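The residues making up each chain are set out below.
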Amino acid sequence: MSDDRLERLLRGYRLPNVSHDLDLRVLQEGAAILERARHRVTMEQVGRTVLLRLGFGYLTLLIDFVTQSDAEYRVEFL
Amino acid sequence: MAQDQDLIAGMLRGEAAAFADLYQAYRTRLYQYALSLIRSRMEAEDVVHDVFVGLAKQVGAGRAPRELSAYLYVSVRNRCVDRVRRKRTLSLEEVSVELFVAPPGDEERIELGRLLHRALLTLPAEQAEVVVLRTWHNLEFAAIARLQGASRNTVLSRYQYGLSKLRKELGIHVG
């Protein structure tokens, strides 16, 4: 049996489904976390508007620079 | 991917629908990947849960992953590695997980699937990982190499050795 044939054979099997319970847990917790984040974003926007109106717009750029960062991840070995 | 970036942007705005779409897009792949590493349904589900909740927390705090797919795969792998280190190695007889599913009603495929499944579980962990990621997840060898912290050539060899052992195992039983 060639590599290609074996690969096709393997790909003919589908991935196993996750449980409905996992779907519920993840979606409910994720939605709650993001809801809190949405409130925070709304409050930040109000704060930015106030700063801009008061003539401190440069402060919003400084806040973005300090708070925005990438999520970190690293590889571990088996 | 552009779609991933759109969904992350939606999550940064606090949209639960964007998170749900992202979860739907990755859940079965990440679950199978975790299952192949940890070989326990309950623990694989816990890992997937922790990874997505962790993602929601990161993005909710304004920290977005630059490459979502790489972030998710590395997160699953690291969590599984931590758990595998803490538990004893299970014998083949103790493992009862389904890494892939045969089409219902196709008896020949189902029987062949049992052989393939057993053969896949007997492969060394790194080889089984490459076979799973390449075959069902369509990841490039370079991406798998970054994930395993190995060279592309090493990963390619692991894949070829893995397939060769699967073929041998099938040859013994099938023909």
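Asker: Explain the overall build of chain B to me, please; I cannot follow it from the model alone.
Answerer: For chain B, the helix and strand inventory stands at eight helices and one strand. The linear arrangement of helices and strands in chain B, starting from the amino end, is α-α-α-β-α-α-α-α-α. For a compact globule of 175 residues, the expected C-alpha radius of gyration is about 16 Å, and chain B comes in at 17 Å, within 12% of that figure. When the backbone C-alpha atoms are referred to their principal axes, chain B occupies close to 55 × 40 × 35 Å.

Asker: I would appreciate a short explanation of the interface of chain B and chain A in the present structure.
Answerer: Accessible area lost upon the coming together of the parts is a frequently used measure of interface size. Contacts between the two partners involve 52 residues from chain B, matched on the other side by 38 residues from chain A. Where the side of chain B that touches chain A is concerned, the elements lending two or more residues are α2 (16–38), α3 (41–60), β1 (63–64), α4 (68–86), α5 (107–122), α6 (125–135) and α8 (152–174) of chain B. Looking at the side of chain B that touches chain A, the element that brings in the most residues is α2(B), giving 10 residues. Taken together, the residues that form the side of chain B that touches chain A break down as 27 nonpolar, 12 polar and 13 charged.

Asker: Is there a simple way to think about the domain arrangement of chain B in this case?
Answerer: Residue and element names in this part refer to chain B. Domain assignment breaks chain B into domain 1 (2–86) and domain 2 (105–174). Averaged C-alpha coordinates put domain 1 and domain 2 at centres separated by 23 Å. Listed by partner, the interface residues are eight residues for domain 1 and seven residues for domain 2. Within the residue set of the side of domain 1 that touches domain 2, elements represented by two or more residues are α2 and α4. Examining the composition of the side of domain 1 that touches domain 2, we find that five residues originate from one element, α2, more than from any other. Partitioned by chemical class, the residues of the side of domain 1 that touches domain 2 number four nonpolar, two polar and two charged.

Rules and cut-offs
Residues numbered from 1 in each chain as written. Chains lettered and ligands numbered in written order. Predicted model: local features only at pLDDT ≥ 70, side-chain atom pairs only at ≥ 80, totals over all residues. Helix = DSSP H or I, 4+ residues; strand = E, 2+ residues; numbered from the N terminus. Rg over C-alpha atoms; globule rule 2.2 N^0.38 Å. Contact = placed C-beta atoms within 7 Å. Nonpolar A, V, L, I, M, F, W, Y, C, P; charged D, E, K, R; others polar. Domains from an automatic or database assignment.

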